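Examining the three-dimensional arrangement
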Amino acid sequence: MSARLLPALTLSLLLLGCGQLQTPVEVDPYANGQSYPWQHTGTLAPQSLTPGTNTLQYETASFARNSWGPVERNASNGEQKAGDGTPLTLNGKMYAQGYGVHAGSELRFSLAGTGGAQCNNFTADIGIDDEVGSRGSVVLQVYGDGVKLYDSGVLTGDSATKRVNVGVVGRQELRLIVTDAGNGISFDHADWADPRLECATTAPEAGSVDTSWTAHSVAPNFIKAVLEPDLNVLVGGLFVRQPDSKRLVITNTTSGKFEVARRFADGTLDTGYGQGGRIVTDFAPGQTDNPNDSRQSYGANDALLQPDGKLVVVGTGGNQLSDFAVARYTAQGQLDTTFGQSGVVFTSLEPLKDPQPNDPAVFSTDRAQRVFLGPDGTLVVLGTYEQPTLPRIAGAIVRYTANGTLDTTLLKGLRPIGMTQVSSDATGGPLTLAVEPNGDMIFGANGRATTYVGVLVQRIRRSGLYGPSTPNFFLGPQSPHANVITDLTLQPDGTILVGGRADLGGVLPSGVLVRLNPDLSFDKTFGPDGTGQVVTAAESGGIQKILLQPDGKIVAVENTVRRFWP
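Source: prediction; values computed, not measured. (Residues numbered from 1 in each chain as written. Predicted model: local features only at pLDDT ≥ 70, side-chain atom pairs only at ≥ 80, totals over all residues. Heavy atoms only, no water.)

**Details of the overall build of the chain**
Test applied: Runs of E in the DSSP output that reach at least two residues are strands. Runs of H or I that reach at least four are helices, and both are numbered from the N terminus. Burial classes follow relative accessibility: with a 1.4 Å probe on protein chains only, a residue under 20% of its type's maximum area counts as buried, one over 50% as exposed, and anything between as partly exposed. By definition, residues are in contact when any of their heavy atoms lie within 4.5 Å. Surface accessibility in these figures is a Shrake-Rupley result with a 1.4 Å probe; residues are shielded only by whichever protein chains are displayed.
A count of helical and extended segments in the chain gives 0 helices and 43 strands. Here the chain holds 566 residues, and 51% of them are scored as buried. The long-range share in the chain, meaning contacts at least 24 apart out of those at least 6 apart in sequence, stands at 59%. For the chain, the computed accessible surface area is about 24100 Å², with 53% contributed by carbon and sulfur atoms.

This is the structure:
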């Protein structure tokens, strides 16, 4: 493509209004409270985008605004006039191409190409230009057709350069926005360096590896993985991430007891939470700590953050450490007294257990393993219970209303008991579930390890009655080896991503990603062979978590994190 200059534009000056000015505590020699806004409006017309790599600064923005002078092409923002910037520089690296802007700014581009080209991916290096030193603070965001695809978080002059890499398949408009991070525009010189659009005549194959993204290894034995707004994957023990980037970290201490601590993104304790930054909860009231107790680790097993900022923690507790236990905390770190009994609920699964003649009086352990948020604030808790005399470990769903009472609209048979059995598994292996917007639940069942019958995905209606299911199937190529479903994720269009692991003959199991249609049939458009399945990597340890980016790309977290086209 040939380079084209931005059309000649006029510079508007916003003069300070008359009136008495107060002397600031510290005079800002640069902005001093003033702004020199600039704006250009054009039309959203097709660009010269062609198949292959397109450098964005050669394209004409359909709309542009800037809070301090014009947007600069291939230079930093500079001062009040066009062409007065310096070379684009981020952390000592100079860039020949890109846009220099000043918060608040916005650039809009059409994604319509020529010659049948359609844009698939946008990349850029971003940050605050070196010309302002360590000063300034901005947030850079990428939107596609009004959907936020990327958010850098607050960047300062001291921040490392970040890399934007987002999919734009099917999008018509790209918007690049820079905000002032809420503290004024002083020194907010931001760079979109080396911005590129990858275009092709066809969209990438669904389920294929996104080769524009570098795979990353992760520490083994992690419990949680979440996707941050800048598309980094955060992995660790039992934790949840707040929207303000603080982390609520849950740590089991002694039998049935655990601590919730709130920490800033840098790991320091937020002393404004709970008591000095922490709150300790006992899921085993009245129990004496016993170092020889094999149930020492019992306590918290999973957690989620509600939209209102309240934290829900589930695990095993009760007088015998044998019940489902659920606790909810206020956003300030206190037990939520509007939930259950002073913030905690214990539930025995005895109504699910099938009595057998001459059963000895041996208690069974009910273990709440996962928690999910359902419609209307309901909480869906998934776990297991055991009947030692059979022996058998069965899966169970228990549903609670928003105030912590059993939701008795969830039936076992025709009895309103708020819980239902979902599978039987001789191994007691991992369980997973996803809640659909109408309250129905999708459950992944693992076959018995002694028979290798494969796996099964089942829909359970909101009432607890069974809906359709897949036939038993093997993960990956059919093989008489162990298969385990480990995670389920719903895509916005109602399709279902199933992640798991399969022993395909290596030292370690391989990861397998499956996509099902809403009716639980296999999505034959997913993967290379029409089966709806993709082996993510040989001997990867298996998928532990599936994450969905706002652009639709699929992140599979194994012993390595990989990204796939939707």
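**A few points about unusual backbone geometry**
A103 connects to G104 through a cis peptide bond whose omega is -10°. Located in the positive-phi region is A181, a residue other than glycine, with phi close to 60°. For A181, the position within the fold is in the loop between strand 14 (173-179) and strand 15 (189-200).

**A closer look at the sheet that holds strand 21 (residues 257-263)**
Strands pair in a sheet through their backbones, by hydrogen bonds, and they do so in one of two ways: parallel or antiparallel. Short version of the rule: Two strands are counted as paired when DSSP detects at least two bridges linking them. Helix axes are fitted only over the stretch in contact, all axes being lines through C-alpha atoms; the angle between N-to-C directions runs from 0 to 180 degrees.
One open sheet holds the 4 strands; their spatial order is 19-20-21-22, and the pairing between them is antiparallel. The outermost strands of the open sheet, each flanked by one partner alone, are strand 19 (239-241) and strand 22 (278-282). Averaged over all neighbouring strand pairs, the angle between strand axes comes to 15°, with direction disregarded.

**With respect to the pattern of salt bridges**
Operational definition: Salt-bridge detection follows one rule: a side-chain nitrogen of Lys or Arg within 4 Å of a carboxyl oxygen of Asp or Glu.
In this structure the tally under the stated criterion is 24 salt bridges. We note a salt bridge from K246 to D270, for which the minimum N-O separation is 3.0 Å. Residue K246 is found in the loop between strand 19 and strand 20 (247-252), and its partner D270 is found in the loop between strand 21 and strand 22; the two are separated by 24 residues along the sequence. Take K246 and D270: they sit in the same class, and that class is buried.

**A short note on the side chain of Q141**
Following the sequence through the fold, Q141 ends up in strand 10 (residues 137-144). By relative accessible area, Q141 is classed as buried at 10%. Contacts of Q141, omitting those with residues within four sequence positions, involve K148, Y150, D151, R175, L176, I177, T179 and W192.

**Some remarks on the sheet that holds strand 42 (residues 554-557)**
Sheet architecture is open: 4 strands sit in the order 16-43-42-41, paired in antiparallel fashion. Looking at strand neighbours, the two that pair on one side only are strand 16 (216-217) and strand 41 (545-548), the edges of this open sheet. Where strand 41 and strand 42 come together, 4 bridges link them in antiparallel fashion. Counted as the bridge partner of L548 is I554 from strand 42.

**Focus: the layout of surface pockets**
Heads up, the rule is: Throughout, the protein atoms alone are placed on a 1 Å grid, and a set of points is a cavity if a 1.4 Å probe fits but cannot get out or a pocket if it is open with protein on both sides within 12 Å along at least five of seven lines; lining residues have an atom within 4 Å of a point. Grid points are joined across faces, edges and corners, and a volume is the space filled by probe spheres set on the points. Polar here means any residue other than Ala, Val, Leu, Ile, Met, Phe, Trp, Tyr, Cys and Pro, which are nonpolar, and Asp, Glu, Lys and Arg, which are charged; Gly is therefore polar.
By volume, the largest pocket is sized at about 1800 Å³. If you go around the largest pocket, you meet 48 residues; those closest to its centre are K224, D302, R370, D487 and K545. Within the residue set of the lining of the largest pocket, elements represented by two or more residues are strand 17 (224-227), strand 19, strand 23 (300-305), strand 27 (366-373), strand 28 (379-387), strand 33 (432-435), strand 37 (483-490) and strand 41. Grouping the constituent residues of the lining of the largest pocket by class yields 29 nonpolar, 10 polar and 9 charged. Taken as a whole, the second largest pocket encloses approximately 360 Å³ of empty space. Lining of the second largest pocket is provided by 18 residues; of these, R163, W213, H216, L231 and N232 occupy positions nearest its centre. The element best represented in the lining of the second largest pocket is strand 13 (residues 162-167), accounting for 4 residues.

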